[in-house]
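Next come the chains, spelled out residue by residue.
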Amino acid sequence: MTRVIQWATGVTGTMSLRHVIARDDLDLVGVRVYDPAKSGVDAGSLCGISEIGVSATDDRDALLATDADVVLYMGKVETDTPGCFADVCDLLASGKNVITTGSRFVHPRSLDAALADAIETSCGTGNSTFLGLGLYPGFVGESLAPILSRITARAGRIDVREVLNYSTYASHDLIFNAMGFGFPPEDTTPLLTNTEYAASAWIGSATVLAQALGLRIRGVEGYREVATTPRALSVAAGEIPEGTVGAMRFGVVADCGEVTLSVEHLTRMADDLAPEWPTEIGYEVTFSGEPNLRLHLVIGSQDEDHAEQGCLATAMHAINAIPVVLAAAPGLYDLSAMAPFTSHRTHYRLHER
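Parameters and conventions
Starting from 1, residues in each chain are numbered consecutively following that chain's sequence as written. Local features are withheld for residues below a pLDDT of 70 in this predicted model, meaning they are given only at 70 or higher, and side-chain atom pairs are given and counted only at 80 or more; totals for whole chains, interfaces and linings count all residues. The side-chain quantities take in all heavy atoms of the structure and omit both hydrogens and water. Helix numbers and strand numbers start at the N terminus; a helix is a DSSP run of H or I with at least 4 residues, a strand a run of E with at least 2. Every radius of gyration here is taken over C-alpha atoms, with the globule rule written as 2.2 Å times N^0.38, N being the number of residues. Per-residue accessibility, obtained with a 1.4 Å probe over protein chains only, is compared with the maximum for each type, and a residue is labelled buried under 20%, exposed over 50%, and partly exposed between these values. Whether two residues are in contact is decided by their heavy atoms, any of which lying within 4.5 Å being enough. Accessible surface area values rest on a Shrake-Rupley calculation with a 1.4 Å probe, where residue burial reflects the displayed protein chains alone. His is not counted, nor are the chain ends, whereas Lys and Arg count as positive and Asp and Glu as negative. Every charge is mapped to an atom, namely NZ of Lys, CZ of Arg, CG of Asp or CD of Glu. Where a domain begins and ends is set by an automatic assignment or by a domain database. As a working definition, buried area equals the accessible area (1.4 Å probe) given up by two parts on being put together, with both sides summed. A pair is scored as a salt bridge if a Lys or Arg side-chain nitrogen falls within 4 Å of a carboxyl oxygen belonging to Asp or Glu. Two N or O atoms form a polar contact when they lie within 3.5 Å of each other; inside protein one atom must be a possible hydrogen donor and the other a possible acceptor, and for residues adjacent in sequence the pair counts only when both atoms belong to side chains. Note on residue categories: nonpolar means Ala, Val, Leu, Ile, Met, Phe, Trp, Tyr, Cys or Pro, charged means Asp, Glu, Lys or Arg, and polar means any other residue, Gly included. Should DSSP find at least two bridges between two strands, the strands are regarded as paired. All axes are obtained by fitting lines to C-alpha atoms, using only the stretch in contact for helices, and the reported angles, taken between N-to-C directions, cover 0 to 180 degrees.

Chemist: Help me understand the overall build of the protein chain in this model?
Modeler: Each helix and strand in the protein chain was counted, giving 11 helices and 14 strands. Relative to the 2.2 N^0.38 estimate, which gives 20 Å for 353 residues, the radius of gyration of the protein chain is 20 Å and therefore close to what a compact globule would have. For the protein chain, the C-alpha atoms occupy an extent of roughly 50 × 45 × 40 Å along the three principal directions. A burial count over the protein chain gives 52% of its 353 residues as buried. Partitioning the contacts of the protein chain with sequence separation of at least 6, the portion at a separation of at least 24 is 73%. As displayed, the protein chain has an accessible area near 14,800 Å², and 50% of this comes from carbon and sulfur atoms. Each charge class in the protein chain was averaged separately, 24 positive and 44 negative side chains, and the resulting centres sit 4 Å apart.

Next comes the structure, spelled out in structure tokens:
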């Protein structure tokens, strides 16, 4: 069995933890938590199932010393980039393969060459493999768009877009401190009010897509637009006052010569905000060329919570990548360089409370 450490137990991490425990081909050997109140709690209890005899810990060094084949790393890389990259490098150097989620892990070299060099060095030290992925970014543009390109003669522009309502997403840190919901539009406190920083969330996705299509990015322009809410909103992450940011869109446009790539995220806290922006919930890939193509993907298609189901899809993308990562030669990979993979068959144990 493959020995797994689950690193972080936020929304996506908790879903990942539950499925790792349930699978009969995976053996959970450690869980990293950041809240001291969770330290010492049985992993099963953390994800709402019966106890399994593995306790979570906030002791980073103890997990670095734990024997494991792979770490599913789901720390808050959007708000603590240096700390998360340091974690990953130490894990890789200790001999553990690492699969990460989070935009800044999708293509580390396009974010910061020094960070990518550090990962490669750590892979060499530990004879280990690194892969960053996700859902958006980390799947839709990087995996679906290259497949669609097989049925095109040419394309002058490729657009990849995510449209979501995040009112049910309970991460206060991401919704408020990072994205800037609930702040006056002129307030520059939140991380993503910095256009360059906002663009860095998507440059990795655009780069992996360009590599998969054999394109070279000549220049990138980032942007962020916001819309305010005319009324106070009460959402899962907290309270959004009237007149503050209630919807936003941000992304990058990459010049690849004859082809332009656009990667964009559009989020509302209420469906009626910014009605002039695209409104159809889901993930869209469009090719403008010959032929023109439009693919629309809905995750949570049976009236489920889209944000929650998107987190589940992200978790499963990481879990299903485990066999191909273990089979790969040591080194730093992205989805354009990693071998294709699918869901691997397994049986699920029952651990219901």
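Chemist: What should I look at first to understand the domain arrangement of the protein chain in this one?
Modeler: Interfaces are frequently sized by the accessible area removed from exposure as the parts join. Domain parsing of the protein chain yields domain 1 (2-135 + 309-333) and domain 2 (140-298). Between domain 1 and domain 2, the C-alpha centre-to-centre distance is 25 Å. Opposite the 13 residues of domain 1 that make contact, domain 2 presents 16 residues. Carbon and sulfur atoms make up 58% of the area that domain 1 and domain 2 hide from each other, which totals about 1,200 Å². When the buried surface of domain 1 facing domain 2 is broken down by residue, Arg-104, His-107 and Leu-135 rank first, second and third, together holding 37% of it. For Lys-76, the salt bridge goes to Asp-173, with nearest N and O atoms at 3.9 Å. Inspection of the region where domain 1 meets domain 2 yields 6 residue pairs in polar contact (both at pLDDT 80 or more). Along the lines of polarity and charge, the residues of the side of domain 1 that touches domain 2 split into 5 nonpolar, 5 polar and 3 charged.

Chemist: Looking at this structure, how should I read unusual backbone geometry?
Modeler: Across the chain, the bulk of peptide bonds are trans and the bulk of non-glycine residues have phi less than zero. Following Tyr-136, the chain continues into Pro-137 via a peptide bond in cis, with omega recorded as 0°. Summarising the element assignment, Pro-137 is placed in the loop between strand 5 (129-133) and helix 7 (140-148). The residue after Glu-290, namely Pro-291, is reached through a cis peptide bond having omega -5°. When you line up the elements, Pro-291 lands in the loop between strand 12 (282-290) and strand 13 (293-297). Phi at Ala-8 takes a positive value of approximately 90°, unusual for a residue other than glycine. Looking at the element boundaries, Ala-8 is found in the loop between strand 1 (2-7) and helix 1 (11-22). Positive phi is not limited to glycine here, since Asp-303 has a value of about 60°.

Chemist: How do you make sense of the environment of Ile-299 when you look at a structure like this?
Modeler: Mapped onto the elements, Ile-299 comes out in the loop between strand 13 and helix 10 (306-320). You can call Ile-299 buried: its relative accessible area is 16%. C-alpha of Ile-299 to C-alpha of Pro-323: the two residues are 24 residues apart in sequence and 24 Å apart in space. Once residues within four sequence positions are removed from consideration, Ile-299 is found in contact with Leu-135, Tyr-283, His-306, Gln-309, Gly-310 and Ala-313.

Chemist: Just checking my understanding: could you explain the side chain of Arg-104 for this structure?
Modeler: Structurally, Arg-104 is set in the loop between strand 4 (97-101) and helix 5 (108-111). Owing to a relative accessible area of 2%, Arg-104 belongs among the buried residues under this scheme. In terms of polar contacts, Arg-104 uses its side chain to reach the side chain of Ser-103, at 3.3 Å. Of the polar contacts made by the side chain of Arg-104, one reaches the side chain of Ser-200; its length is 2.6 Å. Beyond its immediate sequence surroundings of up to four residues, Arg-104 is in contact with Val-77, Glu-78, Thr-81, Phe-85, Leu-111, Tyr-197, Ser-200 and Ala-201.

Chemist: How should I be thinking about the sheet that holds strand 4 in this particular structure?
Modeler: In a beta sheet, neighbouring strands pair by backbone hydrogen bonds and run either parallel or antiparallel. Taken together, the 6 strands give an open sheet; going across it, the order is 2-1-3-4-5-14, and neighbouring strands pair in parallel fashion. Each end of this open sheet is capped by a strand with a single partner; those strands are strand 2 (26-32) and strand 14 (331-333). Looking at each pair of strands side by side, their axes are set apart by 20° on average, direction ignored. By the bridge criterion, 3 bridges tie strand 5 to strand 14 in an arrangement that is parallel. Following the sheet pairing, Thr-129 is matched in strand 14 by Gly-331. Against the sheet, helix 1 contacts strand 1, strand 2 and strand 3 (70-73), and its axis sits at roughly 150° relative to strand 2. In this fold helix 10 packs onto strand 2, strand 3, strand 4 and strand 5, with an angle of close to 160° to the strand it touches most, strand 4.

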